[in-house]
Amino acid sequence: MATITVVGLGPGRAGLITRESWELMEKAEHLVLRTRIHPTVEALEAAGLSFSTYDGFYDEAKDFETLYRKIAADLLERATAEGDIVYAVPGSPLVAERTVVLLRELGKDSAVTVDIRPGMSFVEVMYTRLGIDPIDGLTIIDAEDVETLKETPAQSLVITQVYNQQIASDAKLMLMDLYPDEYEVTYIHNLALPDESIRQIPLYELDRQKDVDHLTSLFIRAKA
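Residues numbered from 1 in each chain as written. Predicted model: local features only at pLDDT ≥ 70, side-chain atom pairs only at ≥ 80, totals over all residues. Heavy atoms only, no water.

Undergrad: How would you summarise the pattern of salt bridges if you had to cite specific residues and measurements?
TA: Close approach of charged atoms allows side chains with opposite charge to pair. As enumerated under the stated definition, the model contains 11 salt bridges in all. One salt bridge in this structure joins glutamate 60 and lysine 70, with 2.8 Å as the shortest N-O distance. One end of the pair, glutamate 60, is in the loop between α3 (55-58) and α4 (64-82); the other, lysine 70, is in helix α4, and 10 residues separate them in sequence. For lysine 70, a relative accessible area of 38% translates into the label partly exposed. Of the charged contacts, one joins arginine 117 and aspartate 115 as a salt bridge, the two residues approaching to 2.8 Å between their closest N and O atoms. Taken together, the shared-partner salt bridges in this structure form one network comprising Glu20, Asp115 and Arg117. (Salt bridge = Lys/Arg side-chain N within 4 Å of Asp/Glu carboxyl O. Helix = DSSP H or I, 4+ residues; strand = E, 2+ residues; numbered from the N terminus. Buried < 20%, exposed > 50% of the residue type's maximum accessible area, 1.4 Å probe, protein only.)

Undergrad: For the packing of aromatic side chains, give the residues involved together with the corresponding values.
TA: Enumeration over the complete set of coordinates arrives at 4 aromatic pairs. Look at phenylalanine 64 and tyrosine 163: their rings are 5.1 Å apart centre to centre, the planes differ by 20°, and that puts the pair in the stacked class. Of this pair, phenylalanine 64 sits in helix α4 while tyrosine 163 sits in the loop between β7 (156-160) and α7 (165-175), and the two are 99 residues apart along the sequence. On the basis of an interplanar angle of 35° and a centroid distance of 5.1 Å, the ring pair of tyrosine 179 and tyrosine 183 is categorised as tilted. There is no split in this pair, since tyrosine 179 and tyrosine 183 are both buried. Three or more aromatic residues joined by ring pairs form one cluster here, namely Phe64, Tyr68 and Tyr163. Its end group placed over the ring of phenylalanine 57, lysine 70 keeps NZ or CZ at 4.6 Å from the ring centre. (Phe/Tyr/Trp six-rings, centres within 6.5 Å; stacked < 30°, edge-to-face > 60°. Lys NZ or Arg CZ within 6 Å of the ring centre and 35° of its normal.)

Undergrad: Let's hear about the pairing of strand β10 (residues 216-220): which residues, and what values?
TA: With 5 of its 5 residues buried, β10 lies for the most part within the structure. The alternating pattern of β10 places Thr216, Leu218 and Ile220 on one face and Ser217 and Phe219 on the opposite face, and all of these are buried. Direction of pairing for strand β8 (residues 184-189) relative to β10: antiparallel, over a ladder of 4 bridges. Bridge pairing in β10 links tyrosine 187 to leucine 218. (Pairing = 2+ DSSP bridges.)

Undergrad: Residues and numbers for the sheet that holds strand β1 (residues 3-8), please.
TA: To summarise the sheet geometry, strands pair through backbone hydrogen bonds and adopt either a parallel or an antiparallel arrangement. Read from one edge to the other, the open sheet built from 5 strands follows the order β3-β2-β4-β1-β5, with strand pairing classed as parallel. Every interior strand has two partners, whereas the edge strands, β3 (52-53) and β5 (113-116), have only one. Where β1 meets strand β4 (residues 85-89), 5 bridges bridge the pair, whose relative direction is parallel. What sits directly across from threonine 5, in β4, is valine 86.

Undergrad: Explain unusual backbone geometry residue by residue, including any values.
TA: Unlike most non-glycine residues, glutamine 161 shows phi in positive territory, near 55°. If you check the backbone angles, asparagine 190 has positive phi at about 55° while not being a glycine. Here asparagine 190 shows up in the loop between β8 and β9 (197-202). Judged by its relative accessible area of 7%, asparagine 190 is buried.

Undergrad: Before we move on, can you summarise α4 with the specific residues and values?
TA: End to end, α4 covers 26 Å across 19 residues, agreeing with the expected 27 Å (1.5 Å per residue, within 8%). Taken together, the buried positions of α4 are Leu67, Tyr68, Ile71, Ala72, Asp74, Leu75, Leu76 and Ala79. Where α4 is buried, its residues contact β1, β2 (31-33), α3, β4 and α5 (98-107). Its side-chain oxygen placed 3.3 Å from the backbone nitrogen of glutamate 65, aspartate 63 serves as the N-cap of α4. A positive phi of about 105° marks glycine 83, the residue just after α4. (Expected span 1.5 Å × (residues − 1). Contact = heavy atoms within 4.5 Å. Polar contact = N/O pair within 3.5 Å; in protein donor to acceptor, adjacent residues only side chain to side chain.)

Taken by themselves, the reported measurements are silent on function.
Have a look at this one:
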């Protein structure tokens, strides 16, 4: 029986990849990355690790849900045909990683075992940078799921994966139904990297930021 072992590439700096994850990637006969567009991939290449990626799937999918479902299904097919796979995703496999959720669901109906290992995500770094204790209450959602918020959350809100200007614009418009236009939010970019930027901006300026990309997140403190 084949096993897909899922590991995390950490939030952006190679030193934050767990030792267990690194060793699993080093020993993997088949190492597959969801995407090579992540800062820690450079360290894998420098260490001589060989891998394949799903970057080619991005251009073919009509939306992210279709993309992620296709990746999960392909992983199960490959494991069935080729044997054990180590699948590496940005951050932690258990934080804001839709392919892992789908892989776990689809894996229940297959002969492939899905083994998810813990990893470090951007939220742990964010806690230290912003002085947040999650025990006080925190809601974490994907930028594309902002529309599911029907009322202003009673606790602070983290919005992940603000991939581009269009997603930022859509999220901003939906958030402005819940918060005042000038509500101060924390814009987070390149967390844990040398050029990390954490800055306060009014909500209405979210999509005007010039550095919006796949390493952009947002923290919105609960209303007093």
